[in-house]
Amino acid sequence: LTAGPALGGEKFTAVVGNLFSLQSDSTVWRVLCLAGALLSIIAAVSTNLYKSHDVAARLSTAQACNNELEGLEALLKFGELPVKEAVTLYQKYIAEIPFIQEHIA
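Described in the following lines is the structure provided in the data block. (Residues numbered from 1 in each chain as written. Predicted model: local features only at pLDDT ≥ 70, side-chain atom pairs only at ≥ 80, totals over all residues. Heavy atoms only, no water.)

1. Thoughts on the environment of Ser40
Inference 1: Within the secondary structure, Ser40 sits in helix α2 (residues 25-53).
Inference 2: A relative accessible area of 48% places Ser40 in the partly exposed class.
Inference 3: For the pair formed by Ser40 and Leu81, sequence separation is 41 residues and the distance between their alpha carbons is 55 Å. (Helix = DSSP H or I, 4+ residues; strand = E, 2+ residues; numbered from the N terminus. Buried < 20%, exposed > 50% of the residue type's maximum accessible area, 1.4 Å probe, protein only.)

2. Quick word on the nonpolar core
Inference 1: Cys65, Leu72, Leu81, Ala86, Tyr93 and Ile97 together form the largest nonpolar core, which totals six residues.
Inference 2: Listed by contribution, the elements that provide at least two residues to this core are α3 (55-77) and α4 (83-95).
Inference 3: In this structure, Leu81 is in contact with Leu72, Leu75, Leu76, Ala86 and Leu89, ignoring residues within four places of it in sequence. (Core = buried A, V, L, I, M, F, W, Y, C linked by side-chain atoms within 4.5 Å. Contact = heavy atoms within 4.5 Å.)

3. Some remarks on a nonpolar patch on the surface
Inference 1: A surface patch of nonpolar side chains, amounting to about 480 Å² of accessible area, comprises Leu34, Leu38, Ile41, Val45 and Leu49.
Inference 2: Of note, Leu49 is situated in helix α2. (Patch = residues over 30% accessible without salt bridge, like charges linked within 9 Å, V, L, I, M, F, W, Y side chains within 5 Å. Areas by Shrake-Rupley, 256 points an atom, 1.4 Å probe, with all protein chains shown as cover. Salt bridge = Lys/Arg side-chain N within 4 Å of Asp/Glu carboxyl O.)

4. Points about the environment of Ser52
Inference 1: Within the secondary structure, Ser52 sits in helix α2.
Inference 2: With relative accessibility at 52%, the residue Ser52 sits in the exposed group.
Inference 3: Considering only alpha carbons, one finds Ser52 and Phe99, 47 residues apart in sequence, at a separation of 13 Å.
Inference 4: A polar atom in the side chain of Ser52 sits 2.8 Å from the backbone oxygen of Leu49. (Polar contact = N/O pair within 3.5 Å; in protein donor to acceptor, adjacent residues only side chain to side chain.)

Laid out in structure tokens, this is it:
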């Protein structure tokens, strides 16, 4: 929104003013500034929402936990780990991913 007036100068503001039936260059600038401010607010809110969910970190943590659980399963399958110790490790691994709900089948 600010690149147009910066590059086009008075011609740009005149064209925008004619398109939207605005009376003066100052009105065009006000509209452009207001639109720029609104888009900046939307961008800031969107960025904060994305960061608050921290999708990349959650995915990485879930994949790491999956690998640990697969290793635990292999140890149990081959009898290399007592069940009591496996339960303790399972609880530890699951505690690292509180954002994933456990489904008992």
